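So the chains spell out like this:
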Amino acid sequence: MAALGGRGRAAAALLRRGPPPPGLGAGPRRYRYKEKWAATAPRIPPTRLALHHFDVNYSLQLKDLWPSVRASLLCEQKYGALLNNFSAVNHVPQELELLNATDFVSEARKKAQRSQQAAAAEEVGRGESRSQEGSGEGRTAMRAETVTQAEMSPLLRASITSNIKCYTFPRGDITRFRPARPDTLGLLDYYLMDAASLLPVLALNVRPDDLVLDLCAAPGGKTLALLQTGICGRLAANDVSISRTKRLHQILHSYVPKEIRETVSVTSCDGRDWGQLQGDTFHKVLVDVPCTTDRHSAMEDDNNIFHKRRTKERQMLPMLQLQLLMAGILATKPGGEVVYSTCSLSPLQNEYVIERAVEIAETQFDISIHVEDLSHFRTLFQDTFSFFPDCRLGELVLPHLTANFGPMYFCKLRRM
Ligand SMILES: C[S@@+](CC[C@H](N)C(=O)[O-])C[C@H]1O[C@@H](n2cnc3c(N)ncnc32)[C@H](O)[C@@H]1O
């Protein structure tokens, strides 16, 4: 059994219920055991350390919401089925709709369109009543004012990339999707993923012929979603890990035809160097950073970043995240956009990284950054996901027992 260091014992004492064990509490000196004997103390599983860490930090952040989020993290996660537009099988939507699943992306698109039509109708109505009331000049000024208001409303400006389709079961329905099936050419019909992982891709809002960089791409769920838009001018997918880049290649192989695959440039560089390698190059950059992967850390002891021996790595995460985000900003063309995302609830890995990056971009690189308002995502996707209402910057999907997706934090920056 692995030995616990001084801090390990302190954590053990915190996690253990009941009175302090002999030797750790106050008591006669002769009964206290020596440090080296602690080698026989039980090793605390990383999942328990993670939960303890979350209890301390997230109860302060999420307050009354934390018990429900905690229970959801410990329950089975829900998936979405990202349809593979490259697969020749075309009966999947009907099959999934018969099971009561819906494509939440097209539902949100319809919602945005309805809001835009309602706003336009309201505008026409206002124009008509004004034409009966005021002078021509006054009417023009009032219309200009209304248009400005519409332009300012993110919901009315919302555009959802149309080609991505992802099916989910309704709230409270915990049906599982069948495994993906191959078509005659061997391409699988859908990719199962945490549906909240699509939100950063939708926030990136790829436009025809955009040059797109996915800086931390493996194993490739978001790269695949970017390809499903069918409109990326060029896609560069990078990940520092060679073994994970192999998984990215496998996913591309299983879902994407050769002629499209060959247009994707896959690399295994340290993303932190990317800004220097190809600065001011891309229209859109996705920075989906390594993080504490809260759901995994709460549930799985294998490869858990809360393992004692990974303490330093965990503490250095916000620094690595900041460096990767800075590299993403530097790789973006002026006027281009960066989406930063994590699957952690931690403000230290989310809002604080954004704030620091904006500050460093201004002070050290003379780059002005605008943090975009994504609050319309809450309106458009509220039927599918539960959002944290008090995020200072960006949006955060909270796991919920009726909609057990996430956590997923995403924030969009525009390089001015
Ligand atoms: C959250 S995962 C990315 C998930 C991926 N975007 C997807 O949707 O499947 C974070 C990735 O960052 C990679 N990574 C860690 N450090 C990196 C670095 N310095 N440069 C580039 N990638 C890095 C990890 O190997 C890991 O695959």
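Residues numbered from 1 in each chain as written. Predicted model: local features only at pLDDT ≥ 70, side-chain atom pairs only at ≥ 80, totals over all residues. Heavy atoms only, no water.

A. Region of interest: the pattern of salt bridges. Per the stated rule, a full pass over the model turns up 19 salt bridges. For Asp 288, the salt bridge identified is with Lys 222, shortest N-O distance 2.7 Å. Here Asp 288 is found in strand 8 (residues 282-288), whereas its partner Lys 222 is found in helix 9 (residues 221-228), with 66 residues between them in sequence. Lys 222 matches Asp 288 in its accessibility class, with the two residues each being buried. Through salt bridges with shared partners, a single network forms among Asp 210, Lys 284, Glu 337, Glu 372, Lys 412 and Arg 414. (Salt bridge = Lys/Arg side-chain N within 4 Å of Asp/Glu carboxyl O. Helix = DSSP H or I, 4+ residues; strand = E, 2+ residues; numbered from the N terminus. Buried < 20%, exposed > 50% of the residue type's maximum accessible area, 1.4 Å probe, protein only.)

B. Spotlight on the packing of aromatic side chains. This model, assessed by the stated rule, comprises 14 aromatic pairs. On the numbers, 6.4 Å between centres and 70 degrees between planes, the contact of Tyr 340 with Tyr 409 is edge-to-face. A residue pair is termed long-range when its members are at least 10 positions apart, and Tyr 340 in strand 9 (residues 332-342) and Tyr 409 in strand 13 (residues 408-415) qualify at 69 residues. The residues Tyr 340 and Tyr 409 share a single accessibility class, namely buried. (Phe/Tyr/Trp six-rings, centres within 6.5 Å; stacked < 30°, edge-to-face > 60°.)

C. Region of interest: the pairing of strand 8. Here strand 8 lies mainly inside the structure; 6 of its 7 residues are buried. Of the pairings in the sheet, the one linking strand 5 (residues 211-214) to strand 8 comprises 3 bridges and is parallel in character. Across the sheet, residue Val 212 finds its bridge partner in strand 8, namely Lys 284. (Pairing = 2+ DSSP bridges.)

D. Structural detail: the site of the ligand. Residues in contact with the ligand amount to 22 residues; listed here are only the nearest, Asp 239, Arg 244, Asp 270, Gly 271 and Asp 288. Measuring from a nitrogen atom of the ligand, one finds a backbone N or O atom of Cys 216 at 3.0 Å. With respect to the ligand, the side chain of Asp 270 contributes an N or O atom lying 2.9 Å from a nitrogen atom. Against a free-state accessible area of 600 Å², the protein chains account for coverage of 87% of the ligand. (Near = heavy atom within 4 Å. Polar contact = N/O pair within 3.5 Å; in protein donor to acceptor, adjacent residues only side chain to side chain. Areas by Shrake-Rupley, 256 points an atom, 1.4 Å probe, with all protein chains shown as cover.)

E. Quick peek at unusual backbone geometry. Backbone torsion omega between Ala 218 and Pro 219 reads 5 degrees, so that peptide bond is classified as cis. Along the chain, the position of Pro 219 falls in the loop between strand 5 and helix 9. Here Gly 406 and Pro 407 are connected by a cis peptide whose omega angle stands at 5 degrees. Structurally, Pro 407 is set in the loop between strand 12 (395-398) and strand 13. At Asp 280, a residue that is not glycine, the phi angle is positive and equals roughly 50 degrees. Relative to the helices and strands, Asp 280 resides in the loop between helix 12 (274-277) and strand 8.

F. Spotlight on helix 15 (residues 317-331). Given a rise of 1.5 Å per residue, 15 residues ought to cover 21 Å, and the 21 Å separating the end C-alpha atoms of helix 15 matches this to within 8%. Counting buried positions over the 15 residues of helix 15 gives 11, a clear majority of the element. Buried within helix 15 we find Leu 317, Gln 321, Leu 322, Leu 324, Leu 325, Met 326, Ala 327, Gly 328, Ile 329, Leu 330 and Ala 331. (Expected span 1.5 Å × (residues − 1).)

G. Representation of helix 9 in the model. Counted residue by residue, helix 9 has 8 buried out of 8 residues, so it is predominantly covered. Restricting attention to buried positions, one finds in helix 9 the residues Gly 221, Lys 222, Thr 223, Leu 224, Ala 225, Leu 226, Leu 227 and Gln 228. Gly 230, located one to two residues past helix 9, shows a positive phi value of around 70 degrees.

H. Just the environment of Gly 221, in detail. Position of Gly 221 relative to the elements: it lies in helix 9. For the pair Gly 221 and Asp 194, spaced 27 residues apart in sequence, the C-alpha to C-alpha distance is 9.2 Å. Setting aside anything within four residues of it in sequence, one finds Gly 221 in contact with Leu 82, Tyr 191 and Met 193. (Contact = heavy atoms within 4.5 Å.)

I. Main features of the nonpolar core. With 50 residues, the main nonpolar core has Val 287, Leu 325, Ile 329 and Ile 354 as its most contacted residues. Elements with a contribution of two residues or more to this core: helix 2 (46-62), helix 3 (66-73), strand 8, helix 15, strand 9, helix 16 (351-365), strand 12 and strand 13. When residues of this core are assigned to their parent elements, the largest contribution, 9 residues, is made by helix 15. Residue-level mapping places this core at the junction of two domains, with at least three residues from each of domain 1 (6-71) and domain 3 (196-415). (Core = buried A, V, L, I, M, F, W, Y, C linked by side-chain atoms within 4.5 Å. Domains from an automatic or database assignment.)

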